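Observations on the model geometry
Below are the chains, spelled out letter by letter.
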Amino acid sequence: MKQKNLILISATLLVLAFIVGALVYRSQKADAAGQAYQRDKTTYVRPYSPGYGNPAAKVEIVEFFDPACETCKQFYPLIKQLMAKYPDKIRLYARYTPFHQGSDTVLKMLAAAEKQGKFWETLEAVFAAQSYWTSQHQARPELVWNYIGGVGLDLARLKADMESREIAGMIQQDLADAKTLNVKATPEFFVNGKPLPTWGYEQLKALVEDEVKAAY
Amino acid sequence: MDAFRHEPLLMNSSDRAQDPFSWTLVFLCWLLAMVSMLGSLFFSEVMGYAPCVLCWYQRICMYPLVLILPVALLPFDRNIVRSVIPLTVAGTLVAGFHTLLVGGYIPEDMKPCTQGVPCTEFHINWFGFVTIPLLSAMAFLLITALLILAYRRSSP
């Protein structure tokens, strides 16, 4: 039985060391990421990135999202709730991340809507109709047109902008930034530059609350 | 009657099989396997380094030891020790190949994985020569040597 105890104790100690090591490593990395973010936000937020909420807010959430991603759609109202809970303290930035087939066209549509100052309205319409224009994780952008009529966009201008090199460049830049920041799935969040310790809404909420507490 | 006649012999072999030194050797192997597994999981799951194909083959040889060696220890069973040696030898060969590949001793065009994560990527380089495949090769080599020693010492 002494032998059995020796094995059990060693296993427990090693696993504990692993967990403590992981926690220490993650918190150090998050601190470093937070400091790097304060020095230089370039890869996190581009000048053309759509923002929502008080521009002077001290807590910034950067979300890499895909309009065809179901989880992104489910997160959207949750983030709005979180922002309502701390009015004027949080600003949300959206980054274009076409990880689904066909999403790049929908993102061009959204980026063109941003040029008309209607990104968020369009995004809400696109998310609301998501199940009608996606099938089996593929976006069918030609169907999206049926659902954005109520937003009040200048559609002729939107179509022209969608073809522009400027907007194609934005999507490419965002994809390159996603790669730099090691974003492999959507939605991926950075709160003042800090990645989620593990992925999930509760973790996002906790991180945002920590940052609000630290900043205000 | 036969069983009765063999009893003293069985007792004797069981005494040898309980040889505390052999037990300790296999226990050390299990500790090494445990540290290797947790270490590799730390690299991939915590630090976020994606494992390449060769890393996965080494994991296939290492992770089972974590679960099987305790069976060989409670109580000591030299046949199980014998059974896992093929795994540790295979792991040693893959890790050795990987170490040579990373060290540049095997030419680039011989590397088996051109898609996905390149096997020649450096994630750590301690003191200028300690890489992850080298750590893996050392662990496999040590485990293999200790297991053979334990198997021989406990021979009835």
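Residues numbered from 1 in each chain as written. Chains lettered and ligands numbered in written order. Predicted model: local features only at pLDDT ≥ 70, side-chain atom pairs only at ≥ 80, totals over all residues. Heavy atoms only, no water.

Quick look at the overall build of chain A
On a plain count of helices and strands, chain A comes out with nine helices and seven strands. For chain A, the proportion of its 216 residues judged to be buried stands at 46%. The contacts of chain A with a sequence gap of at least 6 include a subset with a gap of at least 24, amounting to 79%. Looking at chain A as shown, the accessible area adds up to about 11200 Å², and 55% of this sits on carbon and sulfur atoms. (Helix = DSSP H or I, 4+ residues; strand = E, 2+ residues; numbered from the N terminus. Buried < 20%, exposed > 50% of the residue type's maximum accessible area, 1.4 Å probe, protein only. Contact = heavy atoms within 4.5 Å. Areas by Shrake-Rupley, 256 points an atom, 1.4 Å probe, with all protein chains shown as cover.)

Remarks on the pairing of strand β6 (residues 188-191) of chain A
Residue and element names in this part refer to chain A. Alternating positions in β6 separate into two faces, Glu 188 and Phe 190 on one and Phe 189 and Val 191 on the other, with burial throughout. Two strands pair when backbone bridges link them, and β6 and strand β7 (residues 194-195) are joined in this way by two bridges, in the antiparallel orientation. Opposite Phe 190, over in β7, you have Pro 195 as the bridge partner. In sequence, β6 turns back onto β7 through a hairpin of two residues, with Asn 192 there showing a positive phi of about 50°. (Pairing = 2+ DSSP bridges.)

Considerations on the confidence of the model for chain B
All names here are of chain B. Across chain B, the average pLDDT comes to 83, with 81% of residues at 70 or higher. Low pLDDT (under 50) marks residues 1-13, which in the prediction has one contact with non-local residues, meaning those over four places away or in another chain. The ipTM value of the predicted complex is 0.76, and its pTM value is 0.70. (pLDDT = per-residue confidence, 0-100.)

Some thoughts on the packing of helix α3 (residues 103-115) of chain A against helix α4 (residues 119-128) of chain A
For any two helices packed against each other, the geometry is given by the interaxial angle and the distance between the axes. Residue and element names in this part refer to chain A. Where α3 meets α4, the axes come as close as 7 Å, and the angle between the chain directions of the two elements is 150°. Counted together, Val 106, Leu 110, Ala 113 and Glu 114 of α3 and Phe 119, Thr 122, Leu 123 and Val 126 of α4 form the full contact between these two elements. Taken together, the residues that form the contact of α3 with α4 break down as six nonpolar, one polar and one charged. (Axes fitted to C-alpha atoms, helices over the stretch in contact; angles between N-to-C directions. Nonpolar A, V, L, I, M, F, W, Y, C, P; charged D, E, K, R; others polar.)

Examining the pairing of strand β2 (residues 59-65) of chain A
All names here are of chain A. Most of β2 is tucked away: seven of the seven residues are buried. Burial along β2 is two-sided: the residues Val 59, Ile 61, Glu 63 and Phe 65 and Glu 60, Val 62 and Phe 64 are all buried. Sheet topology note: the β2/strand β3 (residues 90-96) ladder contains seven bridges and is parallel. Following the sheet pairing, Glu 63 is matched in β3 by Ala 94. Read as a crossover between parallel neighbours, the route from β2 over helix α2 (residues 70-85) to β3 is right-handed. (Right-handed = clockwise from strand over helix to strand, strands pointing away.)

As for the environment of B:Gly91
By the element assignment, B:Gly91 lies in helix α4 (residues 78-103). On a C-alpha basis, the gap between B:Gly91 and B:Thr144 in space is 9.4 Å, while along the polypeptide they are 53 residues apart.

Focus: the interface of chain A and chain B
Interfaces are often sized by the accessible area lost when the parts come together. Counting from both sides, the interface comprises 15 residues of chain A and, opposite them, 15 residues of chain B. Summed over the shared surface of chain A and chain B, the result is zero salt bridges. Counting the contacts that link chain A with chain B gives two residue pairs in polar contact (both at pLDDT 80 or more). Classifying every residue of the side of chain A that touches chain B by side-chain character gives eight nonpolar, three polar and four charged. (Salt bridge = Lys/Arg side-chain N within 4 Å of Asp/Glu carboxyl O. Polar contact = N/O pair within 3.5 Å; in protein donor to acceptor, adjacent residues only side chain to side chain.)

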